[in-house]
Every structure is written in C-alpha cells, then in structure tokens.
Amino acid sequence: RQPVILIGAIDNKWTIRLTQSLRYRIEVSNPPGSGSGKEPIASIVDSEHPEKTPWTVDLSIPFVAWKRDYAIVARVDDSTTGMPVLIEAGLGNDGSLAASELFASDDLLAKLVSGPQCSKTSNFEAVIETEIIETKPGPPRILGVECW
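Residues numbered from 1 in each chain as written. Predicted model: local features only at pLDDT ≥ 70, side-chain atom pairs only at ≥ 80, totals over all residues. Heavy atoms only, no water.

Caption draft 1: Geometry of the overall build of the protein chain. A tally of helices and strands in the protein chain yields three helices and nine strands. Reading the protein chain from its N terminus to its C terminus gives the helix and strand order β-α-β-β-β-β-β-α-α-β-β-β. Expected size for 148 residues packed as a compact globule is a radius of gyration near 15 Å; at 15 Å, the protein chain falls within 12% of this value. On the principal axes, the C-alpha backbone points of the protein chain span a range of 45 × 35 × 30 Å. Considering the protein chain as a whole, with its 148 residues, one finds that 41% of them fall into the buried category. For the protein chain, the share of sequence-separated contacts (at least 6 apart) that also reach a separation of at least 24 residues comes to 51%. Accessible area of the protein chain: about 8,400 Å², with a carbon and sulfur share of 53%. In the protein chain, the 14 positive side-chain charges and the 20 negative ones have mean positions that sit 3 Å from each other. (Helix = DSSP H or I, 4+ residues; strand = E, 2+ residues; numbered from the N terminus. Rg over C-alpha atoms; globule rule 2.2 N^0.38 Å. Buried < 20%, exposed > 50% of the residue type's maximum accessible area, 1.4 Å probe, protein only. Contact = heavy atoms within 4.5 Å. Areas by Shrake-Rupley, 256 points an atom, 1.4 Å probe, with all protein chains shown as cover. Lys, Arg positive; Asp, Glu negative; His and termini not counted. Charge placed at Lys NZ, Arg CZ, Asp CG, Glu CD.)

What follows is the structure, encoded as structure tokens:
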C-alpha cells in the first residue's frame with residue numbers, strides 16, 4: 001500500500017522475486033545449506049545477452065577476501081502493489097552498500113538516469129560494480145543500464 005525500498009539480494013526473497021522479470025536478474029546456484037555439495041555462486045545475469053559472462057561472486061569465499069562485488073539498483077513501478085519499489089541488491093554486503101551510495105548521491109543518480117535511453121521514463125535498472133579495498137567498498141561504477 002506504500003512505496004518500499006528493498007535492500008539486499010541473496011537473503012531477500014522479495015528482491016529475488018521482483019528482479020526475475022527484469023533484464024538484469026539475480027541467480028543463485030547451489031545456495032548455502034542446499035546440500036548440493038557444490039560451491040554456492042551468486043550472479044547477475046543479463047537476460048538480453050545470456051551468452052555474456054554474468055557478474056559473479058563465489059559465496060564460499062569469506063567476505064574479507066572478496067576483491068569486488070556487484071549489485072542491481074532499480075526503481076520499478078510494481079504491478080502487484082501499484083507502488084514504486086527501489087531496489088538496492090548487492091550480491092554481498094559491499095554491493096548493497098555501493099548501491100545505497102548510488103541512491104544517496106545526487107550526482108551519481110543523475111548520471112544514471114540522464115542518458116538518452118532514460119529520458120521521460122520512470123523505471124530504470126542498472127548493474128553496478130564496486131572494488132573492495134581493505135574490506136571497504138569503493139565508489140560504485142555503472143556497468144549496464146535499462147530504462148522503460
């Protein structure tokens with residue numbers, strides 16, 4: 001009944017659900033605790049170009065050893081609720097922090113939505129990357145954008 005902000009990806013079923021129909025979506029192979037015996041992998045996949053290598057992190061590696069993380073940032077009018085939803089969905093904590101930084105920065109957000117493909121649209125989705133330096137996320141870098 002009201003706008004919402006979804007934070008996080010892997011442990012947020014609403015985020016997973018709402019991103020499944022988007023161009024960039026989150027997939028988790030062999031989730032922790034699944035009993036598959038394989039290493040858990042989290043990815044952001046481009047559904048328009050599935051042949052591309054997805055943006056991926058190995059969840060079996062301790063967070064302190066990660067070198068980069070990825071996230072989806074989005075503003076979507078949800079057809080189920082009829083309300084806008086903001087999504088800050090990092091594959092790990094650092095990706096979610098970088099996504100939050102993007103939304104909190106007028107300059108970065110303006111850069112994201114000011115491109116010609118985003119003029120006069122209300123919905124957008126982007127994939128961002130953050131380099132992790134000494135366990136701290138660096139500034140977000142935009143890797144792909146879709147607007148509608």
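Caption draft 2: Fine view of the sheet that holds strand β4 (residues 55-58). What the three strands build is an open sheet, ordered β2-β3-β4; its pairing is antiparallel. In the strand order of this sheet, the two ends are held by β2 (24-29) and β4, each with one partner. In this sheet, adjacent strand axes meet at a mean angle of 15° when their direction is disregarded. Strand direction decides the pairing type here: strand β3 (residues 41-46) and β4, joined by four bridges, are antiparallel. Considered in β4, the bridge of A42 is made with V57. (Pairing = 2+ DSSP bridges. Axes fitted to C-alpha atoms, helices over the stretch in contact; angles between N-to-C directions.)

Caption draft 3: Local environment of unusual backbone geometry. Even without glycine at this site, E134 takes up a positive phi of about 50°. By the secondary structure assignment, E134 is in the loop between β7 (124-133) and β8 (136-137). Of note, the phi angle at T135 is positive, near 65°, even though the residue is not glycine.

Caption draft 4: Structural detail: the nonpolar core. Judged by nonpolar contacts, the single largest core of 22 residues is most densely connected at I26, I44, V57, I72, I87 and L91. Looking at this core, the elements with two or more residues in it are β2, β3, β4, β5 (68-77), β6 (84-90) and β7. When residues no more than four places from it in sequence are discounted, the contact partners of I72 are T19, Y24, R25, I26, I44, I87, E88, A89, E125 and A126. Ranked by size, the runner-up nonpolar core spans 13 residues in total, among them F103, F124, A126 and I128. (Core = buried A, V, L, I, M, F, W, Y, C linked by side-chain atoms within 4.5 Å.)

Caption draft 5: Spatial organisation of the packing of aromatic side chains. A complete count under the given rule lists three aromatic pairs for this structure. With centroids separated by 4.8 Å and ring planes inclined at 70°, the aromatic side chains of F63 and W66 adopt a geometry described as edge-to-face. Given a relative accessible area of 46%, F63 falls into the partly exposed group. The class for W66 is buried, based on a relative accessible area of 6%. For the ring pair F103 and F124, a centre distance of 6.3 Å and an interplane angle of 50° mean the geometry is tilted. (Phe/Tyr/Trp six-rings, centres within 6.5 Å; stacked < 30°, edge-to-face > 60°.)

Caption draft 6: Fine view of the pattern of salt bridges. Evaluated as defined, the whole model comprises seven salt bridges. In this structure, R23 and E48 form a salt bridge, with 3.6 Å as the shortest nitrogen-oxygen distance. Residue R23 is found in the loop between α1 (13-19) and β2, and its partner E48 is found in the loop between β3 and β4; the two are separated by 25 residues along the sequence. Judged by its relative accessible area of 45%, E48 falls in the partly exposed class. With a shortest N-O distance of 2.9 Å, R23 and E146 are connected by a salt bridge. Note that R23 is positioned in the loop between α1 and β2 and E146 in strand β9 (residues 141-147), a separation of 123 residues in sequence. (Salt bridge = Lys/Arg side-chain N within 4 Å of Asp/Glu carboxyl O.)

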